[in-house]
Amino acid sequence: MAFYVVQFLTGLASAASLFLVASGLSIIFGVTRIVNFAHGAFYMIGAYIAFTLTDRFSGAFGFWGGIVVAAFAVALIGVLVEMVLLRRIYHVPELFQLLATFGLTLMVQDLVVLIWGPDDLVGRRAPGFKGAVDFFGQAIPSYDLFLIVLGPVVLGILWLLFQRTRWGVLVRAATQDRDMVAALGVNQKWLFTSVFAVGVFLAALGGALQIPRDAVHHAMDLRIIVEVFVVVVIGGLGSIVGAFVAAVLVSELNAFGILIFPKISIILVFLVMAVVLIVRPWGLFGKPEAAARRTPGLTVNPWRPLTQNERLGALAALIVAAALPLFAGNYALTVGSEIAIFVIFAVSLHFLMSVGGLASFGHAAYFGLGAYGIAFLAKMAGLPMIVCLLLGPLLGLMGAAVFGFFAVQLSGVYFAMLTLAFAQIVWSIAFQWVSVTGGDNGILGLWPEKWAASPSHFYWLALGVAALVTCGLRIAVFSPFGYALRATRDSLLRSEAVGINAKRMQWTAFVIAGTTAGIGGALFAYLKGSVFPDNLGISLSVDALVMVLLGGVETVSGAVIGAIVYKALNIWLVSQTDLSKLVLGAFIMLIVVVFPKGIVGTLEMLLQRRKPLAPPGPTILAKPIESAE
Amino acid sequence: MKLAVQDLNSYYGPAHILFDIALEVGEGEVVALLGRNGAGKSTTFRSIVGLVAQRTGRIEFEGRDVSARPTHEIVRGGLGYVPEERRIFTDLTVEENLEVGRQPKRPNAPHWTREKLFALFPNLSEMRNRPGGRMSGGEQQMLTIARTLMGNPSLVLLDEPSEGLSPKIVEQMVDAILTMKKEGVSIVVSEQNLHFARLISDRAYIIERGRICFGGTMAELDARPDIRDAHLSL
Ligand SMILES: Nc1ncnc2c1ncn2[C@@H]1O[C@H](COP(=O)(O)OP(=O)(O)OP(=O)(O)O)[C@@H](O)[C@H]1O
Ligand SMILES: [Mg+2]
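Predicted model only: the values in this text are computed from it and were never measured. Counting from 1, residues in each chain are numbered in the order their sequence is written. Here every chain gets a letter starting at A, and every ligand a number starting at 1, in the order they are written. Whole-chain, interface and lining totals are the exception, using all residues; otherwise, since this is a predicted model, local features are given only for residues with pLDDT of at least 70 and side-chain atom pairs are given and counted only at 80 or more. Here the side-chain values reflect all heavy atoms present in the structure, with hydrogen atoms and water set aside.

### Here's the deal with the site of ligand 1
Residues and elements named next belong to chain B. Our working definition: The criterion for a residue being near a molecule or strand is simple. One of its heavy atoms has to lie within 4 Å of it. Within 3.5 Å is the distance limit for a polar contact, defined as a pair of N or O atoms, with the added protein rule that one can donate a hydrogen and the other accept it, and that residues adjacent in sequence qualify only through two side-chain atoms. Where accessible areas are quoted, they stem from the Shrake-Rupley method and a 1.4 Å probe; at the residue level, only the protein chains shown are allowed to cover. The helix count covers DSSP runs of H or I at least four residues long, the strand count covers runs of E at least two residues long, and both are numbered beginning at the N terminus.
Surrounding ligand 1, one finds 13 residues, the nearest of these being G38, S42, T43, E84 and E160. Within the contact set of ligand 1, an oxygen atom lies 3.1 Å away from a side-chain nitrogen or oxygen of Q192. The protein chains hide 59% of the 630 Å² of surface that ligand 1 would expose on its own. With three residues, the top contributor of residues to the shell around ligand 1 is helix α1 (residues 41-48).

Next comes the structure, spelled out in structure tokens:
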């Protein structure tokens, strides 16, 4: 019994940091409507700076002072980020905001390693809380007890801040209708900056308070952000009480999940999340959101049929690509195969985004599942390659069918967060379930059979499949199903009024996209000869999004061009520098801020410059106003 | 001159909505902006306070051109705006709604306190802690006006204050507006209801399809039944 109580208390202690970070994310989202992906990065910087300060300055004052100063320092960095980056992207679609803040996360990951090195850093114990309290023979660290008390105290302080101060009233008002707040004479810029600073402060404090419990390392950002997404999905975005309750719930599920499913403890959290989503799609304490904001792909219809010339052009490009083995060496062909595979991956996501209006942040899950499908079939069942290639993607299909069912219940940022959390769950399973998946070591020795073994043959295979998949998806788009799907994307209510079952449509699209990604993953497994958990990781999911955005979501050929350019650039970059995340992160932010239409979109825009401008004469452009609804 | 608008043109995307609007409001005056549904009354108000992104023209408030200023600066300068949709903060209580509108005292404008406003709108004083979402339409209308007055404006743009209200509440609204006027607030009120406008206004403009087609005193308007019948639905 005592053991379970201690386990429960450990869970409560873990909830404190999770709550701090999640409430910060919620507060920021409430006012700015930005889901700040970089929140995990601020948490991590908080931990690193606190480590340095508490290490440098001794005594109780050095420790507690160091933690508080670290949180303030990071809040200051947050202010800078808000003023330089976020102010430029408040009016862009939410997908771009997620991506830009993800780009920031990438940069921070490299910067942190540059400054503090790649090794885990073990911080000081908290003065005054070094020992443990005996509880019927079980030891409870007294620092845990401190954290258990801290959580509700912070909740109380936040409550006072929001209920009893003018700032809190303004923030709550802006959460509901920020334009009206401006129309009453409040400077939104200042309000947004201060809200962001408070949110970042909470995240950094959460990170700083972790140092006596956990080693500081450069992957802690992604781990926390996924948990935080799970927390806000369960608790409801924008609700601080929801963040608290869900943080406790998730931490307890983790604490006890280890006892029930030691290998795949995350399953329990997933099950609870699934139940909450079915019963209350907006979380336990959240409010139903008004219709989601514009998703990319809404303004232009990218799915016009190709003109005769464009068809000939595509065919010519394909013929040129097919001729590559006649003059290129083996390395170039391997790169070519990889690019072709990523074309498949990007095209599948593009299908989901521009036709279904659904931007998945966890598309790599289905890519990776396809790869693992191959590994299971080939290594364990020993099936021939052709059979594997046909059946392997079915694992992607099954994953997409299960997760897609829940994901399409939501839209907008919730959809993005949920798909990301799902992908991370699949990743954790691949990582933790060592007996089946090999864990971190992956599954090795998956080589293609002789007929496809030579680089040129494999290249032709990958190219052929990529061409087929691209054509196949286009055919689907122009089928009755495709039309219904686009109707759903453009107006959910109207399409339901004419008898389209919108959720079923979106689910089908999700499954198609997932299966297609699985085909890419299957080929990828053969290309690399191995599968690893990274094949379903977040960074691969984001790669896919960047490819689509780079090409241009709102264009026909965007995904293909984006995949080719991005993958080639990426391979080159990794061979050139160790700081590829830093460069890539900056690159992503640049695309979002400067070229949100992508390569193809920007080219098309340049070609159409003759279009007359709407208002003649000098135009006063006040800041763009979002509609209040 | 309190407010002078010249050559105001406004657009929603490619749609040209307002054409060369010109308006003037004198110190302490109540001016009505009359017009049918969709004539452009709300757009005119939204343009004046900078809530329409695409607009050209000159907007002079207390002698300063404010057309390039952001909304919150215009409002802080003493130009209050009461939107047609009311836009009460439904999660906030009455007192908190008032708090959002609070601005420092202004030398050239009457100073409003909570207590003064509760005296002006007695209904509100009985529900100080009630969330805005649980109020009737009439109570919400009073709250938006009170909220804007908390900013101590010297001029208020009132967008269709009588819309959808019962005759009894409309009567209270007339009293409140006359009190505001007596205190020295200049007012522009948009209306479709000529009877209501007549009770409170010194002068009137008529707007039709984005153009001002009449401007004059109420007596001059009454002398031109042709104009009244052509542009207003009674
Ligand atoms: N957000 C918008 N986007 C595009 N057009 C708009 C928008 N808001 C209003 N309009 C158009 O602008 C014109 C003027 O609208 P406005 O709301 O200013 O009229 P109004 O005189 O206030 O009407 P009402 O009495 O119905 O409030 C109308 O034709 C309307 O359709
Ligand atoms: Mg109107």
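### Here we look at the nonpolar core
Threshold: What we call a nonpolar core is a set of buried Ala, Val, Leu, Ile, Met, Phe, Trp, Tyr and Cys residues that are connected through their side-chain atoms within 4.5 Å. Partly exposed describes any residue whose relative accessible area lies between the buried limit of under 20% and the exposed limit of over 50%, with all areas from a 1.4 Å probe on protein chains only and scaled to the type maximum. Any two residues whose heavy atoms approach within 4.5 Å are treated as being in contact.
Counting residues in hydrophobic clusters, the biggest one holds 236 residues, and the most contacted among them are F42 and M273 of chain A. Here the element with the most residues in this core is helix α14 (residues 330-355) of chain A; it accounts for 15 residues. Setting aside anything within four residues of it in sequence, one finds M273 of chain A in contact with V230, V233, I234, L418, A421, F422 and I425 of chain A. In terms of nonpolar packing, the next biggest core, distinct from the first, is built from 45 residues, A176, I187, I200 and I206 of chain B among them.

### Regarding the coordination of the magnesium ion (ligand 2)
Where we set the bar: Distances define the donors: N, O and S atoms within 2.8 Å of the metal qualify, as do those within 3.2 Å of Na, K or Ca. Water is excluded, so some sites may look unfinished.
Each protein donor to the magnesium ion (ligand 2) is listed here as S42 of chain B (OG) and E84 of chain B (OE); together their distances run 1.9 to 2.3 Å. Taken together, the positions of S42 of chain B in helix α1 and E84 of chain B in the loop between β6 (79-82) and α3 (94-101) put the pair 42 residues apart, joining distant regions of the chain.

### Regarding the interface of chain A and chain B
As a reminder of what qualifies: Buried area is calculated as the accessible area (1.4 Å probe) missing from two parts once they are joined, with the contributions of both summed. The salt bridge criterion pairs a side-chain nitrogen of Lys or Arg with a carboxyl oxygen of Asp or Glu, the two atoms within 4 Å.
Opposite the 29 residues of chain A that make contact, chain B presents 32 residues. Together, the buried faces of chain A and chain B total about 2,700 Å²; carbon and sulfur atoms form 59% of this surface. Along the contact surface separating chain A from chain B lie three salt bridges. Where R166 of chain A meets E99 of chain B, a salt bridge forms, and the shortest distance between an N and an O atom there is 3.0 Å. Joining chain A to chain B, the criterion identifies ten residue pairs in polar contact (both at pLDDT 80 or more). Breaking the side of chain A that touches chain B down by element, the ones donating at least two residues are α6 (166-176), α7 (178-183) and β5 (620-621) of chain A.

### Observations concerning the pairing of strand β1 (residues 3-12) of chain B
All names here are of chain B. Keep this limit in mind: A strand pair is defined by DSSP finding two or more bridges across the two strands.
Within β1, seven of the ten residues are buried, leaving the element largely enclosed by the surrounding structure. Bridging between β1 and strand β2 (residues 15-25) involves seven bridges; their strand directions are antiparallel. Across the sheet, V5 pairs through a bridge with L23, a residue of β2. Hairpin connection, β1 to β2: the antiparallel pair is bridged by two residues, and G13 has positive phi, about 60°.

### Considering the environment of D134 of chain A
Residues and elements named next belong to chain A. In this fold, D134 is placed in strand β1 (residues 132-135). In this structure D134 comes out as exposed when scored by relative accessible area, which is 59%. For the pair formed by D134 and S337, sequence separation is 203 residues and the distance between their alpha carbons is 61 Å. At 3.5 Å, the side chain of D134 forms a polar contact with the backbone nitrogen of G137.

### Quick notes on the pattern of salt bridges
All names here are of chain B. If you walk through the whole model with that rule in mind, you get 26 salt bridges over all chains. Between R203 and E29 there is a salt bridge, with the nearest N and O atoms lying 2.6 Å from each other. Residue R203 is found in strand β9 (residues 203-208), and its partner E29 is found in the loop between β2 and β3 (30-34); the two are separated by 174 residues along the sequence. The two residues R203 and E29 agree in class, both being buried. Where E160 meets K41, a salt bridge forms, and the shortest distance between an N and an O atom there is 3.6 Å. Taken together, the residues E160 in the loop between β7 (155-159) and α7 (167-183) and K41 in helix α1 connect sequence positions 119 residues apart. K41 matches E160 in its accessibility class, with the two residues each being buried.

### Considering unusual backbone geometry
Residue and element names in this part refer to chain A. With phi around 65°, R33 is a residue other than glycine that occupies positive phi space. For R33, the position within the fold is in the loop between α1 (2-32) and α2 (39-56). Residue R33 is classed as partly exposed on the basis of its relative accessible area, which comes to 23%. Of note, F136 is a non-glycine position whose phi angle comes to about 45°, a positive value. Tracing the sequence through the fold places F136 in the loop between β1 and β2 (138-141).

### Examining helix α8 (residues 188-208) of chain A
Residues and elements named next belong to chain A. Convention followed: Multiplying 1.5 Å by the residue count of a helix minus one yields the expected span of that helix.
Relative to the 30 Å expected for 21 residues at 1.5 Å per residue, α8 spans 30 Å between its end C-alpha atoms, a close match to the ideal helical length. For α8, the buried fraction is high: 17 of the 21 residues fall into the buried class. Where α8 begins, the side chain of N187 points an oxygen toward the backbone nitrogen of K189, at a separation of 3.1 Å.

### Details of the packing of aromatic side chains
What counts, and what does not: Any two of the Phe, Tyr and Trp rings considered here, Trp counted by its six-membered ring, make a pair once their centres fall within 6.5 Å; the pair's planes then place it as stacked at under 30 degrees, edge-to-face at over 60, or tilted in between. Placement of a charge over a ring requires the Lys NZ or Arg CZ to be within 6 Å of the ring centre, with the centre-to-atom vector within 35 degrees of the ring normal.
The final tally for this structure, using the stated rule, is 29 aromatic pairs over all chains. When the ring of W64 of chain A is compared with that of F129 of chain A, the centres are 6.0 Å apart and the planes differ by 85°; the resulting orientation is edge-to-face. Taken as a pair, W64 of chain A in helix α3 (residues 59-89) and F129 of chain A in the loop between α4 (94-116) and β1 lie far apart in primary sequence, 65 residues in all. One residue, K116 of chain B, lies across the ring of W112 of chain B, its end atom 4.9 Å from the ring centre.

### So, a nonpolar patch on the surface
All names here are of chain A. Short version of the rule: Each patch is built from residues that are more than 30% exposed by relative accessible area and take part in no salt bridge. Like charges join if they lie within 9 Å; nonpolar side chains (Val, Leu, Ile, Met, Phe, Trp, Tyr) join within 5 Å.
A contiguous nonpolar patch, built from L383, I386, V387, L390, L391, L394 and W451 and spanning about 600 Å² of accessible area, is present on the exposed surface. Among the elements that line the nonpolar patch, the one with the most residues is helix α16 (residues 385-391), at four residues. Relative to the helices and strands, V387 is located in helix α16. Residue V387 is classed as partly exposed on the basis of its relative accessible area of 31%.

### Overview of the pairing of β7 of chain B
Residues and elements named next belong to chain B. Basically, it comes down to this: A clockwise course of the path from the first strand over the helix to the second, judged with the strands pointing away from the viewer, identifies a crossover as right-handed.
Most of β7 is tucked away, with five of its five residues classed as buried. Neither face of β7 is open: one carries L155, L157 and D159, the other V156 and L158, and all of them are buried. Of the pairings in the sheet, the one linking β6 to β7 comprises four bridges and is parallel in character. Across the sheet, residue L79 finds its bridge partner in β7, namely L155. Of the pairings in the sheet, the one linking β7 to strand β8 (residues 186-191) comprises five bridges and is parallel in character. Each residue of the ladder has a partner; that of L158, found in β8, is V189. Tracing the backbone out of β7, into α7 and back to the parallel element β8 gives a crossover that is right-handed.

### Here's the deal with the packing of α14 of chain A against helix α21 (residues 455-477) of chain A
When two helices pack together, their arrangement is given by the angle between their axes and by how far apart the axes lie. All names here are of chain A. Quick reminder of the rule: Fitted lines through C-alpha atoms serve as axes, helices being fitted only where they are in contact, and the angles separating the N-to-C directions of these axes extend from 0 to 180 degrees. Oblique is the label for every angle not falling under 35 degrees (roughly parallel), over 145 degrees (roughly antiparallel), or within 65 to 115 degrees (roughly perpendicular). Put simply, a crossing is left-handed when the front helix is turned counterclockwise from the back one by less than a right angle, and right-handed when it is turned clockwise. All residues other than Ala, Val, Leu, Ile, Met, Phe, Trp, Tyr, Cys, Pro, Asp, Glu, Lys and Arg, Gly among them, are scored as polar; the first ten of these are nonpolar and the last four charged.
At a closest axis distance of 8 Å, the pairing of α14 and α21 adopts a crossing angle of 15°. Between α14 and α21, the angle is such that the two are roughly parallel. Where α14 crosses over α21, the handedness of that crossing is left-handed. Contacts between α14 and α21 pair N330, L333, G336, S337, A340, I341, V343, I344, V347, S348, F351 and V355 from the former with P455, S456, F458, Y459, A462, L463, V465, A466, V469, T470, L473 and V477 from the latter. Here the residues of the contact of α14 with α21 sort into 18 nonpolar, six polar and no charged.

### Some points on the side chain of E96 of chain B
Relative to the elements of secondary structure, E96 of chain B occurs in helix α3. The exposure class of E96 of chain B is buried, given its relative accessible area of 12%. Setting aside residues no more than four positions away along its own chain, E96 of chain B makes contact with Q163, V169 and R172 of chain A.

Bear in mind that shape data such as this cannot, by itself, settle questions of function.
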